[in-house]
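# Architecture at a glance
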Amino acid sequence: MAALPPPIADEREGLKQFLSAQQNAFHAIAYGLTDEQARSTPSVSALSIGGLIKHVTECERSWMERVAAAPAVCEADRRPMDNQTTDYSDTFTMRRDETLGDVLDALARQNAETMALLESVDLGAAVPVPQNAPWFPKDIAAWSVRWVFFHMIEELGRHAGHGDIIRESIDGATLYELVAGLEGWPATDWLTPWSA
């Protein structure tokens, strides 16, 4: 995992590289944590590293479901709202029966599915705007697949930033030193790779 995306030749390659950078940030943020640390909520926020990873995995899954169905509307969740709400809340918590390895593996699988879809999908295809949540606009009928992938970069970047703060609250580690430790970079005057 590079610290920065490489030069890009076209739009699709740019989307792939910048999306990949945000996806990989979660592996760096989690690097070297125990399950207990990944469950911990050391900042003023109720979020944990493990919970963030679960949430972004579900976020990617639900958006890619919409992309895969485009230009049709993906099938609606017909379960009772209580069940949907419980499952949504669960995406923010790494439960005792889950390990950091489990949630990272689920993220890696979803990342691979997302990238495979990005390879083949028509970036201009219309993705109908869901009407089941108050934060979705009511005056727009559809976004493009392109818009959805830009939104994924935005969404993952926002949550990676949350993860940076939470991780620094756990043990003081910051992203570049975590990436350096994860990738085995040599120490320099500028940067010491993180180690436990």
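The structure reproduced in this document is the subject of the present report. (Residues numbered from 1 in each chain as written. Predicted model: local features only at pLDDT ≥ 70, side-chain atom pairs only at ≥ 80, totals over all residues. Heavy atoms only, no water.)

## Quick word on the overall build of the chain
The following threshold applies: A helix here means a DSSP run of H or I that spans at least four residues, while a strand means a run of E at least two residues long, and both kinds are numbered starting from the N terminus. Note on method: radius of gyration uses C-alpha positions; expected globular size equals 2.2 Å times residues raised to 0.38. Accessibility here uses a 1.4 Å probe with only protein chains present; expressed as a share of the type maximum, an area under 20% marks a residue as buried, one over 50% as exposed, and anything in between as partly exposed. Only heavy atoms matter for contacts: two residues are in contact if any of them lie within 4.5 Å across the pair. Note on charges: Lys and Arg go in the positive column, Asp and Glu in the negative column, and His and the chain ends are not counted at all. In plain terms, the charge of a residue is placed at NZ if it is Lys, CZ if Arg, CG if Asp and CD if Glu.
Secondary structure summary: the chain contains seven helices and two strands in total. Helices and strands in the chain line up, N terminus first, as α-α-α-α-α-β-β-α-α. Computed over the C-alpha atoms, the radius of gyration of the chain is 18 Å, within 12% of the 16 Å expected from 2.2 N^0.38 for a compact globule of 196 residues. Projecting the C-alpha coordinates of the chain onto the three principal axes gives extents of approximately 50 × 45 × 25 Å. Relative to its 196 residues, the chain shows a buried fraction of 39%. Nonlocal contacts in the chain, meaning residues at least 24 apart in sequence, comprise 70% of its contacts between residues at least 6 apart. Positive and negative side-chain charges in the chain, numbering 15 and 29 respectively, have mean positions lying 5 Å apart.

## So, the environment of H27
Inspection of the secondary structure puts H27 in helix α1 (residues 11-30). Counting along the chain gives 44 residues from H27 to P71, while the straight-line C-alpha distance between them is 33 Å. Among all residues touching H27, those that are not within four sequence positions of it are L104, L107, A108, N111 and L182.

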